[in-house]
Amino acid sequence: MAEIRTVTLYREKSVVHKFGGLGDDDGGENMPVLTLRSNRITIPVKDKINTLMVVVRGQNIPGTMRMVSVVIDEIRRDPQALQAPRDIDWETFWRRKVSKFENDYNPQNWVSLHIGGDMIFASDENRAALEQVEAFANGAEVTEAIIQEAAANVLGELDDLVVQHDSQTAFVFTPSPTYLRAAILERRDRKTGSYSMTAFHPAPTRPVRLSHFIGFCADMTEALTHKSFLDRVQELIAENALSKTNITPALTQATRNRRKDLIGQIESFEEVNKVVYRPERPNLM
């Protein structure tokens, strides 16, 4: 059976500039010609011979995690899936993971799947630049040099390209013989903090499924995002400023309903599995 090693999620943003020549009408100011922003999850899959890097990218963290859970389930079900990944109906698997809330209020949500540097699936057609990035990176760390090469391929052979690339580790999923652990660096309520969640295996012969644990973490992350949004709505109401925003009563109620559903899913996972939080369980309400 293929062995899945440490799974890591990075928040990434890359901005590519082209500097104008001296004396140009723009005064030589640089203007962005390409901006790439996504969440990137790397999945090392080891077999008897080597380690193949699988990468999932996505617009938001929960959606990217849920696509990873799909990929891991397929790898566990059939290790040969990595040999003929284009034969799998990734589109259907992805659509099953997208909630009604996402369809209604975040239709721009997207994911892409890359195996061994090849783009296997993208839920929309606007990922040419990221396809080039992953072709050069082949599962390794994305650098400014890689972004520059990818940008040159997408935009044409341009001189004076300058890249600003930022990558921050947000989640690290670590499997072990006795537990699964997620270490999380979060940015919420304009603050940065960290916590961890550990799910212990009931027995060596009955381990917690990694895909289920990652799905649980996706639910927790999305629930906390909705909590921050609803807390902000209450602040705006108190400041008599809600009418100045595009936040509608329908969106607010849909967010409450979605958070309620997520909390139910989180509590169901906690009832079945022994979950330990450090330093403490996040407040979801």
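Conventions we followed
- Residues numbered from 1 in each chain as written.
- Predicted model: local features only at pLDDT ≥ 70, side-chain atom pairs only at ≥ 80, totals over all residues.
- Heavy atoms only, no water.
- Helix = DSSP H or I, 4+ residues; strand = E, 2+ residues; numbered from the N terminus.
- Contact = heavy atoms within 4.5 Å.
- Expected span 1.5 Å × (residues − 1).
- Buried < 20%, exposed > 50% of the residue type's maximum accessible area, 1.4 Å probe, protein only.
- Phe/Tyr/Trp six-rings, centres within 6.5 Å; stacked < 30°, edge-to-face > 60°.
- Lys NZ or Arg CZ within 6 Å of the ring centre and 35° of its normal.
- Core = buried A, V, L, I, M, F, W, Y, C linked by side-chain atoms within 4.5 Å.

(A) Layout of the environment of Val16. With respect to the secondary-structure elements, Val16 resides in strand β2 (residues 7-19). C-alpha of Val16 to C-alpha of Leu36: the two residues are 20 residues apart in sequence and 8.6 Å apart in space. Those residues in contact with Val16, other than ones at most four positions away along the chain, are Met31, Pro32, Val33, Leu34, Ile147, Ala151, Leu161, Val162 and Val163.

(B) Representation of helix α7 (residues 249-272). In a regular helix each residue adds 1.5 Å, so 24 residues correspond to 34 Å; α7 covers 35 Å between its end C-alpha atoms and thus fits that length. Within α7 the residues assigned to the buried category are Leu251, Thr252, Ala254, Thr255, Arg258, Arg259, Leu262, Ile263, Ile266 and Phe269.

(C) A look at the packing of aromatic side chains. The final tally for this structure, using the stated rule, is eight aromatic pairs. An aromatic cluster is built from Phe171, Phe173, Phe213, Phe216 and Phe269, whose rings are joined through pairwise contacts. It is Arg127 that lies over the ring of Trp110; its NZ or CZ is 3.8 Å from the centre. Directly above the ring of Tyr179 sits Arg181, whose terminal nitrogen or CZ lies 4.6 Å from the centroid.

(D) Representation of unusual backbone geometry within the structure. Cis peptide bonds are those with omega within 30 degrees of zero, and the linkage from Arg278 to Pro279 qualifies with 0°. With respect to the secondary-structure elements, Pro279 resides in the segment after β10 (274-278). If you check the backbone angles, Asn138 has positive phi at about 50° while not being a glycine. Turning to its location among the elements, Asn138 is positioned in the loop between α4 (128-137) and α5 (144-155). Of note, Asn240 is a non-glycine position whose phi angle comes to about 55°, a positive value. As for its position among the elements, Asn240 is in the loop between α6 (210-238) and α7. By relative accessible area, which is 65% here, Asn240 ends up exposed.

(E) Summary view of the nonpolar core. Judged by nonpolar contacts, the single largest core of 54 residues is most densely connected at Ile43, Met65, Phe213 and Phe216. For this core, the element with the most residues is α6, which contributes nine residues. When residues no more than four places from it in sequence are discounted, the contact partners of Met65 are Leu9, Ile41, Phe171, Phe173, Ile214, Cys217, Ala218 and Thr221.

(F) Structural view of the environment of Thr92. Considering the arrangement of structural elements, one finds Thr92 in helix α2 (residues 90-97). Given the relative accessible area of 30%, Thr92 is considered partly exposed. Sequence-wise, Thr92 and Gly193 are 101 residues apart; in three dimensions their C-alpha atoms are separated by 35 Å.

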